[in-house]
Amino acid sequence: MNLTFDKDLSIEVVRTKRRKTASIKVIDGAVQAIVPRTLSDARVAELIQKRAPWIRRKLGEQSQAVTTKPKEYVSGESFTYLGRNYRLKVLRGTDREVKLKGGYLEIRVSKNSNGTDIRNALVEWYEEHALDRLTEKTNRYAGIMGVTPHSISVRDYRSRWGS
């Protein structure tokens with residue numbers, strides 16, 4: 001079901017039996033209201049009307065947001081490490097190796113490597129360095145607090161914010 005408020009505000013209403021409360025999402029300029037199946041059309045319209053200023057504000061924020069171009073993993077791209085920017089320098093060789101050298105983040109990969117291989121090497125390098133720093137800090141604070149950590153690990157939780 002789609003609702004139109006004013007002339008410029010179109011909202012997709014998704015009814016589901018799994019929801020107990022209503023929510024409104026504004027993603028990439030599209031507005032979606034997810035509501036319980038039992039909620040009346042009048043109540044949905046009332047809810048959306050009440051939240052219209054918030055919806056318009058979010059649409060405005062998204063239209064002004066600068067979209068970032070995805071990384072291509074080629075020489076000259078900028079990568080951040082410990083608060084400083086480093087230019088990527090892709091070198092061809094036999095061994096896969098990543099180093100910080102002279103203001104550059106140098107990566108050595110085989111001749112037939114592509115952007116995915118370079119990305120994977122960089123992710124591995126970042127994770128290794130993050131683990132080193134986290135282990136150092138964890139051990140320092142564990143000594144201060146008088147505790148012993150069971151394990152320290154770095155993982156990629158894309159959808160588990162705050163974990």
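Here the structure is a predicted model, which is why all the values come from computation and not from measurement.

Student: Sorry if this is basic, but what is going on with the packing of aromatic side chains here?
Tutor: Any pair of aromatic rings gets described here by the distance separating the centres and the angle formed by the planes. Inspection of the entire model under this criterion finds four aromatic pairs. Among the aromatic residues, those joined into a ring-pair cluster are Tyr 81, Trp 125 and Tyr 126. It is Lys 71 that lies over the ring of Phe 79; its NZ or CZ is 4.4 Å from the centre. A cation sits over an aromatic face here: Lys 89 above Tyr 104, 4.6 Å from the ring centre.

Student: How should the nonpolar core be read in this particular structure?
Tutor: The nonpolar side chains of a soluble globular protein tend to be buried with one another. In this structure, Leu 88, Val 98, Leu 105, Ile 107, Ile 118 and Leu 122 are the most contacted members of the largest nonpolar core, which totals 14 residues. Elements with a contribution of two residues or more to this core: strand E5 (78-81), strand E6 (84-92), strand E8 (104-109) and helix H2 (115-145). Broken down by element, this core gets its largest block of residues, four residues, from H2. Those residues in contact with Val 98 that lie beyond four places of it in its chain are Leu 105, Glu 106, Ile 107, Ala 121, Leu 122 and Trp 125.

Student: Just to check I follow, could you spell out the sheet that holds E5 for this structure?
Tutor: The pairing of strands in a sheet happens through backbone hydrogen bonds and is either parallel or antiparallel. In spatial order, the strands read E5-E6-E8-E7; together these four strands make up an open sheet with mixed pairing. Of all the strands in the sheet, the pair left with one neighbour each is E5 and strand E7 (97-101). Recorded for the sheet is a direction-independent mean angle of 35° between the axes of neighbouring strands. Summarising the sheet, E5 and E6 pair through four bridges and their orientation is antiparallel. Of the residues in E6, the one forming a bridge with Tyr 81 is Arg 84.

Conventions we followed
Residues numbered from 1 in each chain as written. Predicted model: local features only at pLDDT ≥ 70, side-chain atom pairs only at ≥ 80, totals over all residues. Heavy atoms only, no water. Phe/Tyr/Trp six-rings, centres within 6.5 Å; stacked < 30°, edge-to-face > 60°. Lys NZ or Arg CZ within 6 Å of the ring centre and 35° of its normal. Core = buried A, V, L, I, M, F, W, Y, C linked by side-chain atoms within 4.5 Å. Buried < 20%, exposed > 50% of the residue type's maximum accessible area, 1.4 Å probe, protein only. Helix = DSSP H or I, 4+ residues; strand = E, 2+ residues; numbered from the N terminus. Contact = heavy atoms within 4.5 Å. Pairing = 2+ DSSP bridges. Axes fitted to C-alpha atoms, helices over the stretch in contact; angles between N-to-C directions.

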